[in-house]
Amino acid sequence: MDRLQHKLTKENLKFRLTDKKSYNKRILIGSIVASFVAATPFLFYLYEYVPLEAEWETIFGTYKSIEYESANVAMWVLSMKVIPLLLSLIWFFTCKHWWYHALLVPITMFSFQLISALNFDARYTDEFDIIWLLPLMAIIFPSIYLIRAKMFDKVNNHDKTMEELEEEFMIKPKTVWGKVKQYF
């Protein structure tokens, strides 16, 4: 009996050590994400340090603004597209609710806007992006409605709480890469 108790104590200690390591890792990742989110206003206003000329010399090479005729304006447009896209991606990968698939619509919209902002031949950006979003919305909106209908059917028939249903419908990959692989 004493030997079994000793073995159980060692296993309990090992479990607590691994649990503490994963807890510390989650705290570190959460702190990095929170710091990034808190720093986004500063990241957005980095464009003010870009010169107003059409050519900008950087350590990575020379940037020539073709359409905007000012590197400052080009970086402003770019930051207007990148920052909301990054914040939406963070929200998507950290959301714990059943409806997080709806976030794919603004992520796709910001992606199209970013691509059109990088396309220097485009005269009119943000004009017809909704046409490209329609097929995605035609898939996501009915899917979300069907999940919601199933949830309310189970609530009315089985006396489950909304939290229990969110847990039941949640697909939980263990890693960020697992969550990305879920969609491709």
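These numbers were taken from a predicted model, which means no experiment stands behind them.

**A closer look at a nonpolar patch on the surface**
Okay, so step 1: Together, Ile130, Ile131, Trp132 and Leu134 make up a nonpolar patch on the protein surface, roughly 460 Å² of accessible area in all.
Okay, so step 2: Looking at the element boundaries, isoleucine 131 is found in helix H4 (residues 129-158).

**Focus: helix H3 (residues 104-118)**
Note on helix geometry: an α-helix contains 3.6 residues per turn, so any two residues three or four positions apart are oriented the same way.
Okay, so step 1: Compared with an ideal rise of 1.5 Å per residue, which puts 15 residues at 21 Å, H3 spans 21 Å between its outermost C-alpha atoms and is within 8% of the ideal.
Okay, so step 2: Every buried residue of H3 is listed here: Val105, Ile107, Phe110, Gln113, Leu114, Ser116 and Ala117.

**Side note on the packing of aromatic side chains**
Okay, so step 1: One pass over the full model with this rule turns up four aromatic pairs.
Okay, so step 2: An angle of 85° between the planes, with centres 4.9 Å apart, marks the rings of phenylalanine 44 and tyrosine 45 as edge-to-face.
Okay, so step 3: Members of the aromatic cluster, each reached through a chain of ring pairs, are Phe44, Tyr45 and Tyr47.

**Side note on the side chain of threonine 40**
Okay, so step 1: Looking at the secondary structure, you find threonine 40 in helix H1 (residues 2-44).
Okay, so step 2: Setting aside chain neighbours within four positions, we find threonine 40 in contact with Ile83 and Leu87.

**A word on the nonpolar core**
Okay, so step 1: In this structure, Leu85, Phe92, Cys95, Tyr100, Leu103, Ile107, Phe110 and Leu114 together form the largest nonpolar core, which totals eight residues.
Okay, so step 2: Looking at this core, the elements that each hand over two or more residues are helix H2 (71-94) and H3.
Okay, so step 3: Tallying contributions element by element places H3 first for this core, with three residues.

**Here we look at the environment of phenylalanine 112**
Okay, so step 1: As for its placement among the helices and strands, phenylalanine 112 is situated in helix H3.
Okay, so step 2: Among the residues examined, phenylalanine 112 registers a relative accessible area of 26% and is labelled partly exposed.
Okay, so step 3: Along the chain, phenylalanine 112 and tryptophan 132 lie 20 residues apart, while their C-alpha atoms are 8.2 Å from each other.

**Quick word on the side chain of serine 70**
Okay, so step 1: Relative to the helices and strands, serine 70 resides in the loop between strand S2 (61-64) and H2.
Okay, so step 2: Residue serine 70 is classed as buried on the basis of its relative accessible area of 7%.
Okay, so step 3: When neighbours within four sequence positions are excluded, serine 70 is seen to be in contact with Pro51, Leu52, Glu53, Ala54 and Ser65.

**Here's the deal with the confidence of the model for the chain**
Okay, so step 1: Residues with a pLDDT of 70 or more make up 67% of the chain, whose mean pLDDT is 76.
Okay, so step 2: Of all the helices and strands in the chain, helix H5 (residues 162-169) carries the lowest mean pLDDT, 66, while H2 carries the highest, 90.

**Regarding the pairing of S2**
Okay, so step 1: Relative to S2, strand S1 (residues 55-58) runs antiparallel, the two being bridged by four bridges. Bridging across to S2, tryptophan 56 finds its partner in tyrosine 63.

**What about the environment of proline 106?**
Okay, so step 1: Checked against the element boundaries, proline 106 lands in helix H3.
Okay, so step 2: Proline 106 sits in the partly exposed class, given a relative accessible area of 26%.
Okay, so step 3: With 27 residues separating them in the primary sequence, proline 106 and leucine 133 have C-alpha atoms 9.1 Å apart.

**Some words on the packing of H2 against H3**
The angle between the axes and the distance between the axes are what describe a pair of packed helices.
Okay, so step 1: Closest axis-to-axis distance for the H2/H3 pair is 9 Å, and the angle between their directions is 155°. With respect to their mutual orientation, H2 and H3 come out roughly antiparallel. For H2 against H3, the interelement crossing comes out left-handed. In contact with Val77, Leu78, Lys81, Val82, Pro84, Leu85, Ser88, Leu89 and Phe92 of H2, H3 contributes Leu104, Ile107, Phe110, Ser111, Gln113, Leu114, Ala117 and Leu118.

Criteria and cut-off values
- Each chain has its residues counted from 1, running along the sequence as written.
- This being a predicted model, a pLDDT of at least 70 is required before a residue's local features are given, and a value of 80 or more before pairs of side-chain atoms are given or counted; all residues contribute to the totals for chains, interfaces and linings.
- Based on all heavy atoms of the structure, the side-chain values leave hydrogens and waters out of the count.
- Only residues whose relative accessible area exceeds 30% and that take part in no salt bridge are eligible for patches, with like-charged residues grouped when within 9 Å of each other and nonpolar side chains (Val, Leu, Ile, Met, Phe, Trp, Tyr) grouped when within 5 Å.
- What sets the accessible areas is the Shrake-Rupley method with a 1.4 Å probe; for residues, cover comes only from the shown protein chains.
- Salt bridges are defined as contacts in which a side-chain nitrogen from Lys or Arg sits within 4 Å of a carboxyl oxygen from Asp or Glu.
- Helix numbering and strand numbering both begin at the N terminus, where a helix is a DSSP run of H or I of at least 4 residues and a strand a DSSP run of E of at least 2.
- An expected span of 1.5 Å times one less than the residue number is assigned to each helix.
- We call a residue buried when its accessible area falls under 20% of the maximum for its residue type, exposed when it is over 50%, and partly exposed in between, using a 1.4 Å probe and counting protein chains only.
- Stacked, tilted and edge-to-face are the three classes assigned to paired rings of Phe, Tyr and Trp, where Trp is represented by its six-membered ring and a pair needs centres within 6.5 Å; plane angles under 30 degrees give stacked, over 60 edge-to-face, the rest tilted.
- Contacts: residue pairs with any heavy atoms within 4.5 Å of one another.
- Here, nonpolar core refers to any group of buried Ala, Val, Leu, Ile, Met, Phe, Trp, Tyr and Cys residues whose side-chain atoms link them within 4.5 Å.
- On a range of 0 to 100, pLDDT expresses the predictor's confidence in each residue.
- Here, strands pair whenever DSSP counts at least two bridges between them.
- Whenever a helix is involved, its axis is fitted only over the stretch in contact; in every case the axis is a line through C-alpha atoms, and angles between N-to-C directions fall within 0 to 180 degrees.
- Just so you know how the angles are binned, under 35 degrees is roughly parallel, over 145 roughly antiparallel, 65 to 115 roughly perpendicular, and the rest oblique.
- By definition, any crossing whose near helix is turned counterclockwise from its far helix by less than a right angle is left-handed, and any crossing with a clockwise turn is right-handed.

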